[in-house]
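What the coordinates show
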Amino acid sequence: MLSVRRVFSIVTPSRLLLSVASFSTRSFLQARNMTERQPFERLPADVRPLNYALCLRPDLVDFTFEGKLDAAVQVTQATSQIVMNCADIDIITASFVLEGGEEVHATGFNYQNEDEKVTLSFPSYLQTGSGSLKIDFVGELNDKMKGFYRSKYATPSNEVRYAAVTQFESTDARRAFPCWDEPAIKATFDITLVVPKDKVALSNMNVLERKPYHDDANLVEVKFARSPVMSTYLLAFVVGEYDFVETKSSDGVLVRVYTPIGKSEQGRFALEVAAKTLPFYKDYFNVPYPLPKIDLIAIADFAAGAMENWGLVTYRETALLIDPKNSCSSSRQWVALVVGHELAHQWFGNLVTMEWWTHLWLNEGFASWIEYLCVDHCFPEYDIWTQFVSADYTRAQELDALDNSHPIEVSVGHPSEVDEIFDAISYSKGASVIRMLHDYIGDQNFREGMHLYLTTFQHKNAATEDLWTCLEEASGKPIASVMNTWTKQMGFPLIHVESVQHHHERVLTLTQKKFCASGPHTGNEQPQWMVPISIGTSENPNQAKEHVLMDKPELTVVLKDVKPEQWVKLNPGTVGFYRTQYSYAMLESLLPGIRDLSLPPVDRLSLQNDLFSLARAGMISTVEVLKVMEAFVNEPNYTVWSDLSCNLGILSTLLAHTDYYEELQSFIRDLFTPIGLKLGWDPKPGEGHLDALLRGLVLGKLGKAGHKPTIDEARRRFKDHVDGKQVLPADLRSAVYVTVLKHGDGATLDTMLKLHKQGDMQEEKNRIEKVLGAIPAHDLIQKVLAFALSEDVRPQDTVSVIGGVAGGSKQGRKAAWKFVKDNWDELHNRYQGGFLISRLIKLSVDGFASDKIAAEIKAFFDSHPAPSAERTIHQCCENILLNDLWLKRDAEPIHLYLQKRNSATTKA
């Protein structure tokens, strides 16, 4: 599944604000550790399913469904009870027939609602052997975007209708039918859907038969082929109105993309990507895709980014649909990544499944890495691996530097704990350490190990250790010893490096210590990592001169044939998951490589990002980082600018708590104006994907920073767009929209809301929703917040509207947090138990910098518990305290530097 956290982080990068004050972050950590974990037991093993024959009849008017289950089971130990998972389901009758025996009716159904279980009691012991469990039941097509739920959509004639769709990961198949809802309890599925005859019905497998339903001429009965052995969370069914486009992949798999009615052409881009991706993975794993078809379908109301149901992958509309004329370049890239992610799961997750949720990272970290490998294969012009460093690698490091982070592998018990780990650690750190591992053992060994893993465990379950064993066998390297230091303990190292020149040799002294967002690690425990270190020099900036495995706290490395004037850099390509702190002399030798571009783009990016993080942690001065940022004035690379922009955005949010916020905006204008002038507003012949991304980024940054020529031109183009004189290119819309809103009034907001209402594409609606919060006036901010909960905004998108307000300004942040508190019951009821509630909280409070606010947030959630967001709440409070400390430490030096610089600029 593509977590909504990644939806927000890649499409609209929002970085954590870091740094511990009198109200200690340790107290949050201790509070968390003292929180009692709910007692939990996995299902007993005395009865196990072999096959589910499941018939469902959804009612799209009354929002209910009827179900009949006939499960072939194996009784392994005589018992008078059958314990299954069940939530929000009412069982009408249940009976058991042992093979060759008589039917025995259950005499009681004991629902354990807290544990989402039901115990079926029988009047006598069920003896060992094969049998059949039959259950008739009813349930609700809920509006919570989990289980079997209803999704609202509008027809081309604007009539509101509903589809019945599913989202079962992680523990919501139990909301659709009583089942053994644990990933290790696999079975085959025979699905039958009874649906209105004018509706499309889909499931994981191909349709075997579609015939009139015997009880109602308006219904049809659709039977699907038997699935392979698989986990319940991968089951899916959809009933609704859809068009589709189709093709066959080069290896003969039928690929379809289902779209809203009348929008089939918007499925063509995803179709092309999917048709290229399936053969790529088949070749990479040397394992064929095991099903006869794969469907990709756009769902209107959808909480996650996408979900990898085997053979029927569900997506947010914005993660699947591309309009050739009205979709921007970043949307194309996003769709390519999401398709690559979900199709990777068809092998890694579906064919071989994690044994328990503790190993979730294996599914998601791997898919989050290989999606980039796939996109790089399909679209080499995207320079996607450089973007990985900004979108995933540095983001994971920001979260993992907190005291309230967690190891990649987290022991999970009760279902309420699962949603907490759909975060940047499981996805982005997981992807980053797999990327490091791939580099450490080489592509050929990695592929051989993956093939061994997939063929050994196909149709079964596996744990992290099983993958390490297969990769060790393929590579001959100590994979488990190395990787356990990265997956079983939280955090990552800071490598401090000193160098001395001896004739034609450079002697490096490396030391490793845990990197902490709160400053130098001072704990009694000194965690250590086995770190694959690579070292490059200016002789060949694109290739490592030396590789070494650092398996102790300090290491000396001698580089031969290095001249005194040559620079030396650790981690070329930014593949090792660590930050680097250079001696003063080493850093000074690297800085000219930023200005003259002799350092490769990804190394320019990581050098700046490491320095920025060291400043946030109080280990160097923020002023020193601002001086380094000025060296990027000649920078041509989109991703480097994107990372700079994010970090300056973090600093802007911090300095909004001071009275010299505008002086930082002047710094931003000076830095971004040369590249803005060079790019201009209109594409030039020969430009490509990355130029389009860069233009939108730079113009948006200049507009928000108050660059008058950019504001004037944005207003002119916006008026022409609204008047129908000249439609804005999709790649410029976000930049123009945010600029006119940031410097706009009530009329501007009304015009934007009108555009939103007229928008036919969800991409355009989302584009507008994310920037509405830029409006400055307090009364208009309140109008935007009210709009967030209106019928005009899809339930999953309310979060991004509120987040946009919180990120738009200091007053917006205060208003958004008050709005969340005032409307908590409604918001919690809508999103509880899912990862959207965590995202809502994080977006609402990130950016505060006051210990009083941190205490207020903690007190609010003490009295308004949100169990699935508990870790997020602690992380947010820790961040706020760190921001407070950062502000107190560096505010005055930053002010003096900006004053001095602006004074010098004025004189010049």
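For the structure itself, consult the block above.
Residues numbered from 1 in each chain as written. Predicted model: local features only at pLDDT ≥ 70, side-chain atom pairs only at ≥ 80, totals over all residues. Heavy atoms only, no water.

**Some details on the overall build of the protein chain**
Across its full length, the protein chain carries 28 helices and 29 strands. For a compact globule of 908 residues, the expected C-alpha radius of gyration is about 29 Å, and the protein chain comes in at 28 Å, within 12% of that figure. Expressed along its principal axes, the backbone C-alpha trace of the protein chain runs to roughly 95 × 65 × 55 Å. Per-residue burial for the protein chain yields a buried fraction of 63% across its 908 residues. By element, 51% of the accessible surface of the protein chain is carried by carbon and sulfur atoms, the whole surface being about 32,600 Å². Counting 93 positive and 115 negative side-chain charges, the protein chain places the centres of these two groups 5 Å from one another. (Helix = DSSP H or I, 4+ residues; strand = E, 2+ residues; numbered from the N terminus. Rg over C-alpha atoms; globule rule 2.2 N^0.38 Å. Buried < 20%, exposed > 50% of the residue type's maximum accessible area, 1.4 Å probe, protein only. Areas by Shrake-Rupley, 256 points an atom, 1.4 Å probe, with all protein chains shown as cover. Lys, Arg positive; Asp, Glu negative; His and termini not counted. Charge placed at Lys NZ, Arg CZ, Asp CG, Glu CD.)

**Quick notes on the sheet that holds strand S4 (residues 89-98)**
Strand order in the open sheet formed by eight strands is S5-S4-S8-S2-S1-S11-S14-S13, and the pairing between neighbours is mixed. Bordering the open sheet on either side are strand S5 (103-105) and strand S13 (207-213), each of which pairs with just one other strand. The mean angle between the axes of side-by-side strands here comes to 15°, regardless of whether they run parallel or antiparallel. Across six bridges, the pairing between strand S1 (residues 47-59) and strand S11 (residues 188-196) is parallel. Bridged to Asn 51 within S11 is Thr 188. (Pairing = 2+ DSSP bridges. Axes fitted to C-alpha atoms, helices over the stretch in contact; angles between N-to-C directions.)

**Some details on helix H16 (residues 661-679)**
Compared with the 27 Å implied by 1.5 Å per residue over 19 residues, the 27 Å span of H16 between its first and last C-alpha is a close match. Its axis deflected by about 40° at Phe 672, H16 carries its strongest bend there, up to four residues before the proline Pro 674. For H16, every residue scored as buried is listed here: Leu 664, Gln 665, Ser 666, Phe 667, Ile 668, Leu 671, Phe 672, Thr 673, Ile 675, Gly 676 and Leu 679. Phi turns positive one or two residues past the end of H16, at Gly 680, with a value near 70°. (Expected span 1.5 Å × (residues − 1). Bend = angle between axes of the 7 residues up to and from the residue.)

**Digging into the packing of aromatic side chains**
This structure, assessed with the given rule, holds 46 aromatic pairs. Centroid distance Tyr 281 to Phe 285: 5.8 Å. Interplanar angle 20°. Geometry classified as stacked. Placement of the pair is Tyr 281 and Phe 285 together in helix H3 (residues 268-285), with a separation of four residues, close to one helical turn. For the pair formed by Tyr 281 and Phe 285, the shared burial category is buried. Where Phe 718 meets Tyr 737, the ring centres are 6.1 Å apart and the plane angle is 85°; that geometry is what we call edge-to-face. A residue pair is termed long-range when its members are at least 10 positions apart, and Phe 718 in helix H18 (residues 708-723) and Tyr 737 in helix H19 (residues 730-742) qualify at 19 residues. (Phe/Tyr/Trp six-rings, centres within 6.5 Å; stacked < 30°, edge-to-face > 60°.)

**A short note on the side chain of Glu 342**
Along the polypeptide, Glu 342 turns up in helix H4 (residues 329-345). Looking at Glu 342, the relative accessible area reads 0%, which means it is buried. From its side chain, Glu 342 meets the backbone nitrogen of Glu 308 in a polar contact 3.2 Å long. Apart from the residues within four sequence positions on either side, Glu 342 is in contact with Met 1, Leu 2, Ala 306, Met 307, Glu 308, Val 313 and Tyr 315. (Polar contact = N/O pair within 3.5 Å; in protein donor to acceptor, adjacent residues only side chain to side chain. Contact = heavy atoms within 4.5 Å.)

**Thoughts on the environment of Leu 312**
Structurally, Leu 312 can be placed in strand S20 (residues 312-316). In the structure, Leu 312 is positioned 55 residues away from Val 257 in sequence and 9.8 Å away in space, judged by C-alpha atoms.

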